[in-house]
Amino acid sequence: MSYIILNKCDYFSHGLKSVINEAGGKKKDIHLLDNLPNCARLLQQGSTQIAFICESVYNTENDREEIKKLIAMNPETLFIIFMRVVHSSFEDYIYIKPNVVIMAQNVSINTVKNLFSNNRLKQAAQPVGLYPADETPLSFSKRESEILNLWMKERSSVEISEHINIKLKTVLSHKNNLKKKSKSKRTKVLFQIINLAKSLTHVPHLS
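Residues numbered from 1 in each chain as written. Predicted model: local features only at pLDDT ≥ 70, side-chain atom pairs only at ≥ 80, totals over all residues. Heavy atoms only, no water.

**Student:** How should I be thinking about the overall build of the protein chain in this particular structure?
**Tutor:** From N to C terminus, the protein chain includes eight helices and six strands. Counting from the amino terminus, the protein chain carries its helices and strands in the arrangement β-α-β-α-β-α-β-β-β-α-α-α-α-α. Counting every position in the protein chain, which comprises 207 residues, the buried fraction comes to 48%. Relative to all contacts within the protein chain whose residues are 6 or more apart in sequence, the contacts with residues 24 or more apart total 64%. Accessible area of the protein chain: about 10600 Å², with a carbon and sulfur share of 50%. (Helix = DSSP H or I, 4+ residues; strand = E, 2+ residues; numbered from the N terminus. Buried < 20%, exposed > 50% of the residue type's maximum accessible area, 1.4 Å probe, protein only. Contact = heavy atoms within 4.5 Å. Areas by Shrake-Rupley, 256 points an atom, 1.4 Å probe, with all protein chains shown as cover.)

Here you go:
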């Protein structure tokens, strides 16, 4: 089994490499890459267990489409996507699909280790594509999705309440639930997670 770290920051990449080593990954199986074509070539070999991809390597729409294709074509690989979080913190990880996890690039090493201890880095024999029982992918109800879409269009809670004809208290309750489900204390982080998920994966349960 091999591991890919796709990033342009050597310091961050070597830190991840050390964590993988501590979790049982062999140095010879860890590939530090800085571009998508090399990542795609390694994934084609079919032996990559985990691919770490940092937001710094997909700055264009074409890059995002390429990563979306790689994720769709490699369901047996766990993709850990590191997002930039500006002026906010996201000290957790969240499954968007069974093989896609989103984390913040400034996340603590302990959080990365916790993810490893809960998934197949320590259980290589487990069928890939399965997530831990307590880590089901993020999903929203039809009403939550409706409110989220209006919220992300900068509609106020009062406007949302009037638009879909529900009580303001109910709108506020749904907003709190959306934050809890996405493990986001800040609205900005919630929106960033959703935008990233939609740009890199096909997630009908978040639309």
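Once the structure has been displayed, the description carries forward.
**Student:** So what exactly am I meant to see when it comes to helix H6 (residues 157-164) here?
**Tutor:** Because each turn of an α-helix spans 3.6 residues, side chains separated by three or four positions in sequence point in the same direction. Looking at H6, one finds that the buried residues are Ser157, Ile160, Ser161 and Ile164. The buried residues of H6 occupy an angular sector of 100° when the element is viewed end-on, so they sit on one face. At its buried positions, H6 is contacted by helix H5 (142-152) and helix H7 (168-181). Looking one or two residues past H6, asparagine 165 carries a phi angle of roughly 60°, positive in sign. (Arc of directions from axis to C-beta.)

**Student:** Looking at this model, I keep getting lost on the pattern of salt bridges. Mind explaining?
**Tutor:** Pairing is possible between side chains of opposite charge, provided their charged atoms come close. Overall, the coordinates contain five salt bridges when judged by the stated rule. The salt bridge involving aspartate 29 is made with lysine 28; its shortest N-O contact spans 3.3 Å. What makes aspartate 29 buried here is its relative accessible area of 17%. Of the residues examined, lysine 28 reaches a relative accessible area of 62% and is grouped as exposed. Where lysine 183 meets aspartate 92, a salt bridge forms, and the shortest distance between an N and an O atom there is 3.6 Å. With lysine 183 in the loop between H7 and helix H8 (187-200) and aspartate 92 in the loop between strand S4 (78-83) and strand S5 (93-97), the pair connects residues that are 91 residues apart, well separated along the chain. (Salt bridge = Lys/Arg side-chain N within 4 Å of Asp/Glu carboxyl O.)

**Student:** What am I meant to see in the confidence of the model for the protein chain here?
**Tutor:** When pLDDT drops low, the exact placement of atoms in the prediction is not to be read closely. Mean pLDDT over the protein chain works out to 84, with 87% of the residues at or above the 70 mark. Within the model, the stretch residues 120-131 combines pLDDT values under 50 with 26 contacts to residues more than four positions away or in other chains. (pLDDT = per-residue confidence, 0-100.)

**Student:** Can you walk me through the nonpolar core in this structure?
**Tutor:** One broad trend across soluble globular proteins is that nonpolar side chains are buried collectively. Among the nonpolar cores identified, the biggest contains 44 residues, and Ile81 and Ile102 are the most heavily contacted of them. For isoleucine 102, the contacting residues outside a window of four places in its chain are Ile81, Met83, Phe90, Asp92, Tyr93, Ile94, Ile96, Ile193, Leu196 and Ala197. (Core = buried A, V, L, I, M, F, W, Y, C linked by side-chain atoms within 4.5 Å.)

**Student:** Looking at this structure, I do not really get a nonpolar patch on the surface. What am I missing?
**Tutor:** On the surface, a nonpolar cluster with roughly 230 Å² of combined accessible area is contributed by Val158, Leu168 and Leu172. Structurally, leucine 168 can be placed in helix H7. Taking relative accessible area as the criterion, leucine 168 reaches 37% and is therefore assigned partly exposed. (Patch = residues over 30% accessible without salt bridge, like charges linked within 9 Å, V, L, I, M, F, W, Y side chains within 5 Å.)

**Student:** Explain the sheet that holds strand S3 (residues 48-54) to me, please; I cannot follow it from the model alone.
**Tutor:** Within a sheet, each strand pairs with its neighbour through backbone hydrogen bonds, oriented either parallel or antiparallel. Strand order across the open sheet formed by six strands is S2-S1-S3-S4-S6-S5, with mixed pairing between neighbours. The open sheet is flanked by strand S2 (30-33) and S5, the only strands paired with a single partner. The sheet shows a mean angle of 20° between the axes of neighbouring strands, taken without regard to direction. Taken together, the five bridges between strand S1 (residues 2-6) and S3 define a ladder with parallel strand orientation. When the bridges of S3 are listed, leucine 6 appears paired with isoleucine 53. The strands that helix H1 (residues 10-22) touches are S1, S2, S3 and S4; relative to S2, the one it contacts most, it runs at about 170°. (Pairing = 2+ DSSP bridges. Axes fitted to C-alpha atoms, helices over the stretch in contact; angles between N-to-C directions.)

**Student:** Explanation requested: the packing of helix H3 (residues 61-73) against H8 in the structure shown.
**Tutor:** Two numbers describe how H3 lies on H8: the axes approach to 8 Å, and their chain directions differ by 70°. The pairing of H3 with H8 is recorded here as roughly perpendicular in orientation. Counted together, Arg64, Ile67, Lys68 and Ile71 of H3 and Lys198, Ser199 and Leu200 of H8 form the full contact between these two elements. Residue composition of the contact of H3 with H8, grouped by class: three nonpolar, one polar and three charged. (Parallel < 35°, antiparallel > 145°, perpendicular 65-115°, else oblique. Nonpolar A, V, L, I, M, F, W, Y, C, P; charged D, E, K, R; others polar.)

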